[in-house]
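# Breakdown of the fold
If you want the building blocks of each chain, they are given just below.
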Amino acid sequence: MNPDACDPLAHTSMYQRAEEDSDDSDGEGGLGNVSRVIVRPPGHSGKAKRGHLCFDAAFETGNLGRVDLVGEFEYDLFLRPDTCNPRYRFWFNFTVDNVKQDQRVIFNIVNINKSRNLFKDGMTPLVKSTSRPKWQRLLRCEVFYYKSPVHQNHYVLSFAFGFDKEDEVYQFALTFPYSYSKMQAYLNALELKFPESYERSSLGTSIQNRKLELVTFDEVKKPDKVDQKNVIHMVVILARLHPGESPASYVVQGLIEFLAAASQPIAKALREHVVFKIVPMLNPDGVFLGNNRCNVVGHDLNRSWNKLSQYTHPTLVAVMKMLKEYDNSSCYQVDFVIDIHAHSSLTGTFIYGSTYDNVYRYERHLVFPKLFATKCEDFCQEHMMFNADDRKSGTARRNFVEALSDNVNTYTLEVSMCGYYLNGTNILTQYTEDAYMRIGRNLARTFLEYYRFTNILPIPAVDDLRPRKGRPRTHRPRPRSKTRSEIRARPKTTRAYAPISYTDLSICYDSATSDEGSPVRYMYHGHGAYGGLRMRPHVHQDQFSLSNIQAARFSNLDFTSDYRLKVPKMKAAQTEQKMPPIEMLTIPPKPHLTIIDFNQLTRGGLEEATAGRTIEREKEKIRRHTLKSSSRKA
């Protein structure tokens, strides 16, 4: 190695670090997490004052390797890489305290190894405090992800934050943490709540002697005679091979809660017909240490299924042994093995599968993702992928194709660390803990649809799947009489329509397709034979049209108590117009549709299609009207 070569992450700082390690900076030489490290400005000695931030990541799932003060209020944070594997640096989880009221700072995470991630698409870190224990995402306008020339053009995640309370401990994380201890506490509480429908056991231990938990739901009635028709169907769920993908644990928790509910009809139907084997945490050591992808010896477990070792992959060996036993059994048939992960560079929920030379097996393999897509509004079909890539031979979905029988469908279920886009929009909806658990519940509903589709589950009535709400006790049904009342025939009566007076009403049809009333309007004008009034054709809109009503032109209208319209008298000069008298109309013409060339109905085409016919109709009506009047005079 060239002794003159510089560290690619080294940068110019206004506060130069000392040659030797100090208690306030890097007590473990970058190999461990910071433990109550107080960052003081240069030249300050003695007791730390309020505002000298104290960083801590020496707790379960914590990750922060080093802190440098590079400005008056700016800090460079270095993530601790995975144990025995310096390649992976993405997960972070640390606390900050000893803050000052309204203190504003800038944190720069400078050594993220994965440049392509969701921080480019709007993902932001999470924060919570002592008095506000619910995780919240930082505002997008305060988070920046960019290439920094100060850090050798490496990608840097910077976010600004203002501490509003002094006696608070603030915690920052990449996504919602889910620790090994939290899983143990949750399983203990669930065991006490649902002792009948829930079975908990251990498949083995990890390298650091942590339990490999196994949750079983099995209420299937065992057949007296075992054959191909009476085989017991099984579903296996795996999660947390990668410690930094904590959303997978929330998905599994949602699935377990749904299946454990004794009063849920869907869960009860699934438990009575299908056996569920769930391994909620396959890498407990990596989760406990706060690694991003590897176990305690630096192995990526999702690339190790094809080279198992009892010494380096004891949890994988235990799971593979269980799968082989059930797959080779004559009593059980493993239908699904689903490996749940969280994706750091794609949005939404999607599934990775495999391709097969057998077209019938491939078609059967596509059924479950299709059903799952109908249950999830956040499912993204664009990211779904089916392949037979040799580079992925160490993953669960590729290795199980060869290691297990042809009846097993193996998938990788991916959920985004950030969120999903609503269908047909550019609106990014951020995931929450409840949203991740909802995906687990949708997974259980998909199993119900699949087994009903394959005739393994009976199709119940819709009312049986819905919880019935009892009526209140105060409700009493109305007693019915035993003697049926005689139905009398309705007397035959004549119907007479009420007479309609047209003396004071203008006959006006606004329908654009009317042949008699539009676009020629009739307005009362002057005195004539009918009720002392005359009518004349009027091509433009009259005073009772919609445009005039909207413009509130009611100055010449007078409504009387009998709700009939009185037309004001016109001037004498207007009555002397030479217009032939019009005979009294008995019934107004009824509007009806005209024949229009629908090939012309583009934008604005309706007016073009009807304009010619309108003018011709207007001319024809005036001509007929004139001829009729002339014949009367003659």
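The structure under discussion appears in the preceding block.
Residues numbered from 1 in each chain as written. Predicted model: local features only at pLDDT ≥ 70, side-chain atom pairs only at ≥ 80, totals over all residues. Heavy atoms only, no water.

## Some remarks on the overall build of the protein
For the protein, the helix and strand inventory stands at 13 helices and 25 strands. With an accessible surface of roughly 36200 Å², the protein has 52% of that area assigned to carbon and sulfur atoms. (Helix = DSSP H or I, 4+ residues; strand = E, 2+ residues; numbered from the N terminus. Areas by Shrake-Rupley, 256 points an atom, 1.4 Å probe, with all protein chains shown as cover.)

## Description of the side chain of N399
On the secondary structure map, N399 appears in helix α8 (residues 396-403). N399 sits in the buried class, given a relative accessible area of 14%. Ignoring sequence-local partners within four residues, the contact set of N399 consists of W305, N306, M320 and S393. (Buried < 20%, exposed > 50% of the residue type's maximum accessible area, 1.4 Å probe, protein only. Contact = heavy atoms within 4.5 Å.)

## Observations concerning the nonpolar core
Ranked by size, the top nonpolar core spans 99 residues in total, and within it F55, Y75, F107, F163, F172, I338 and F447 carry the most contacts. Considering every element that reaches this core, the biggest residue donor is helix α9 (residues 433-453), with 10 residues. In contact with F172, not counting residues within four places along its chain, are F92, N93, F94, V96, F107, L126, V127, W135, F159, F161 and F163. Membership of the second largest hydrophobic core comes to 25 residues, among which are L212, V275, L282 and A396. (Core = buried A, V, L, I, M, F, W, Y, C linked by side-chain atoms within 4.5 Å.)

## Some details on the packing of aromatic side chains
Per the counting criterion, the structure on display carries 39 aromatic pairs. With a centroid separation of 6.4 Å and 40 degrees between ring planes, the pair formed by F92 and F94 is classed as tilted. Judged by its relative accessible area of 0%, F92 is buried. On the basis of relative accessibility, which here comes to 0%, the residue F94 falls in the buried class. Residue placement shows R66 over the ring face of F78; its charged tip is 3.9 Å from the ring centre. (Phe/Tyr/Trp six-rings, centres within 6.5 Å; stacked < 30°, edge-to-face > 60°. Lys NZ or Arg CZ within 6 Å of the ring centre and 35° of its normal.)

## Comments concerning the environment of R50
Mapping R50 onto the fold places it in the loop between β1 (37-38) and β2 (54-56). Taking the C-alpha atoms as reference points, R50 and K100, 50 residues apart in sequence, are found 5.6 Å from one another. Discounting residues that sit within four places of it in the chain, R50 has contacts with N98, V99, K100, E166 and D167. Polar contacts involving the side chain of R50 include one to the main-chain carbonyl oxygen of V99, which spans 3.4 Å. Here E166 takes part through its backbone oxygen, which lies 3.2 Å from a polar atom of the side chain of R50. (Polar contact = N/O pair within 3.5 Å; in protein donor to acceptor, adjacent residues only side chain to side chain.)

## A closer look at the sheet that holds strand β18 (residues 385-387)
Whether parallel or antiparallel, the strands of a sheet pair through hydrogen bonds between backbone atoms. With mixed pairing, the eight strands of this open sheet are ordered in space as β12-β13-β15-β14-β16-β19-β17-β18. Strands at the two margins of the open sheet, each flanked by one partner only, are β12 (199-205) and β18. Mean inter-strand twist for the sheet, computed between neighbouring axes without regard to direction, equals 20 degrees. Direction of pairing for strand β17 (residues 349-354) relative to strand β19 (residues 409-416): antiparallel, over a ladder of four bridges. Bridged to F350 within β19 is E414. In this fold helix α1 (residues 180-193) packs onto β12 and β13 (211-217), with an angle of close to 35 degrees to the strand it touches most, β13. Where helix α7 (residues 367-375) meets the sheet, its contacts fall on β16 (332-343), β17, β18 and β19, and the angle it forms with β17 comes to roughly 175 degrees. (Pairing = 2+ DSSP bridges. Axes fitted to C-alpha atoms, helices over the stretch in contact; angles between N-to-C directions.)

## Quick look at the pattern of salt bridges
Evaluation of the coordinates by the stated rule reveals 15 salt bridges. A salt bridge links R50 to D167; its shortest N-O distance comes to 3.8 Å. On the criterion of sequence distance, the pair formed by R50 in the loop between β1 and β2 and D167 in the loop between β10 (154-163) and β11 (170-173) is long-range, its members being 117 residues apart. A residue is classified by how much of its surface remains accessible, and R50, at 37% relative accessible area, is partly exposed. Using a relative accessible area of 67% as the deciding quantity, one classes D167 as exposed. Put simply, R293 and D300 hold a salt bridge, and the shortest N to O gap is 2.7 Å. Connected through salt bridges with shared partners, the residues R132, D164 and E168 form a single ionic network. (Salt bridge = Lys/Arg side-chain N within 4 Å of Asp/Glu carboxyl O.)

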